[in-house]
Amino acid sequence: MSEWFAYDWELRGVPAQFHVDLQCAAALQKLTRHTTLLYLTCLTRQAAGSDFSYLERRRLDAVLKKSLRLLGESTLYAGYIDLPGQRRYYFYTDDARLLVPMFEYCGRERRLKLECTKAEEPNRQSYYRLLYPDAAKYQTARNLRYIADMDSRGDDLAAPRRINLHFCFPVIRQPDPFLEEVRQQGFAIGQIDCNTAYELPYSVTLHAVSALDRAQLNALTTKAILAAQQYGGVFDRLDSQFVPKKRLR
């Protein structure tokens, strides 16, 4: 059974949307011979820099279905990445010879330009390091849900307000390198507590000022989470002030 997860991230500096089957992690642990990665790149035939046309975008699902039939049921479909005018599908197999029918299929496709390549990945690094979300990537999806929830309650999303990021740590030192790093990133340090009943006893709250804009919120959570990970910190939650929309009288 598949468990699909989508999130926005950058790929080589270009905004992209990642779609990954989280259940592939367990499957890959069992299928130790599935070390051949086949990745199928679908490209628009429009002018350079263009996105897919309406008909091209409709064709993408048909290309995936045809590919899965050619690759067979033993192949693992791990996910795909969307870029402007480009989609790349990722498959893991134990039979590198499957590149041949895929290559032939690429030559027959007329609506889209297709390219299929293989790579040997005994560590499945494309799945674990590229597709599979870490804590910062996971949070971008949660940020989107948080913004949608606040919007449904009548929040003025464009209004700047205090954003609170809550973290847990095994230890907080004096002076603490994490706190010094996030200060330099523009965060204000809020309350610091200790409760020895928890495995990570120290809690730290960071403050920043931002609108509830997806890009701004993602930038805040990403840089704070990546900084915390260096010192054993774990992101707990996000909250913010509620700013009601102004009603015209």
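Structure's up top.
Described in the following lines is the structure provided in the data block. (Residues numbered from 1 in each chain as written. Predicted model: local features only at pLDDT ≥ 70, side-chain atom pairs only at ≥ 80, totals over all residues. Heavy atoms only, no water.)

### A word on the packing of helix 2 (residues 54–71) against helix 3 (residues 99–108)
What counts, and what does not: Between the N-to-C directions of two axes lies an angle of 0 to 180 degrees, each axis being a line fitted to C-alpha atoms and, for a helix, fitted only over the stretch in contact. Secondary structure follows DSSP: runs of H or I at least 4 residues long count as helices, runs of E at least 2 residues long count as strands, and numbering of each begins at the N terminus. If an angle is under 35 degrees, it is roughly parallel; if it is over 145, roughly antiparallel; if it lies from 65 to 115, roughly perpendicular; otherwise it is oblique. Note: crossing handedness is left-handed where the near helix turns anticlockwise from the far helix by less than a right angle, and right-handed where it turns clockwise. Contacts are assigned to residue pairs that have any heavy atoms within 4.5 Å of one another. Three residue categories are used. Nonpolar comprises Ala, Val, Leu, Ile, Met, Phe, Trp, Tyr, Cys and Pro, charged comprises Asp, Glu, Lys and Arg, and polar comprises the others, including Gly.
Two elements in contact, helix 2 and helix 3, have axes whose closest approach is 10 Å; the angle formed by their N-to-C orientations is 150 degrees. The orientation of helix 2 relative to helix 3 falls into the category roughly antiparallel. Helix-helix and strand crossings are classified by hand; for helix 2 and helix 3 the assignment is right-handed. Judged by residue contacts, R59, A62, V63, K66, S67, L70 and L71 of helix 2 engage P101, M102, Y105 and R108 from helix 3. Partitioned by chemical class, the residues of the contact of helix 2 with helix 3 number 7 nonpolar, 1 polar and 3 charged.

### What to know about the packing of aromatic side chains
Put simply, the rule reads: Put simply, two rings from Phe, Tyr or Trp (the six-membered ring, in Trp's case) pair if the centres are within 6.5 Å, and we call them stacked under 30 degrees between planes, edge-to-face over 60, tilted for the rest. Whether a residue is buried, partly exposed or exposed follows from its accessible area with a 1.4 Å probe, protein chains only, as a fraction of its type maximum: under 20%, in between, or over 50%, in that order. Criterion for a charge above a ring: Arg CZ or Lys NZ at most 6 Å from the ring centre, at most 35 degrees from the ring normal.
A full pass over the atoms with the stated rule returns 16 aromatic pairs. The interplanar angle of 55 degrees and the centroid separation of 4.6 Å between the aromatic rings of F5 and Y138 together place this pair among those described as tilted. One end of the pair, F5, is in strand 1 (residues 4–11); the other, Y138, is in helix 5 (residues 135–152), and 133 residues separate them in sequence. Aromatic side chains F169 and F178 sit 4.7 Å apart centroid to centroid with 45 degrees between the ring planes, which places their arrangement in the tilted category. Comparing F169 with F178 shows no difference in burial state: the two are buried. Ring pairs connect the aromatic residues W4, Y77, Y80, Y89 and F91, which therefore count as one cluster. For K137, the ring lying beneath its charged end belongs to F18, and the centroid distance is 5.9 Å.

### What about the environment of Y90?
Mapped onto the elements of the fold, Y90 is located in strand 5 (residues 86–93). Given the relative accessible area of 4%, Y90 is considered buried. For the pair Y90 and L40, spaced 50 residues apart in sequence, the C-alpha to C-alpha distance is 6.7 Å. With residues up to four places along the chain from it excluded, the contact list for Y90 reads L37, L38, Y39, L76, Y77, A78, G79, Y80, I81, S126, L130 and L131.

### A word on the sheet that holds strand 8 (residues 188–194)
Our working rule: Should DSSP find at least two bridges between two strands, the strands are taken to pair.
On the basis of which strands lie adjacent, the open sheet formed by 4 strands has the order 8-9-7-10 and antiparallel pairing. Only two strands of the sheet have a single neighbouring strand rather than two, namely strand 8 and strand 10 (234–240). Averaged over all neighbouring strand pairs, the angle between strand axes comes to 20 degrees, with direction disregarded.

### A closer look at the pattern of salt bridges
As a reminder, the rule being used: One speaks of a salt bridge when a side-chain nitrogen belonging to Lys or Arg is within 4 Å of a carboxyl oxygen belonging to Asp or Glu.
Taken as a whole and judged by the stated rule, the model has 12 salt bridges. D51 is the partner of R57 in a salt bridge, and the nearest nitrogen-oxygen pair spans 3.1 Å. On the basis of relative accessibility, which here comes to 38%, the residue D51 falls in the partly exposed class. For R59, the salt bridge goes to E109, with nearest N and O atoms at 2.9 Å. Taken together, the residues R59 in helix 2 and E109 in the loop between helix 3 and strand 6 (113–120) connect sequence positions 50 residues apart. Residues joined by salt bridges that share partners form a network here, namely D236, R237 and D239.

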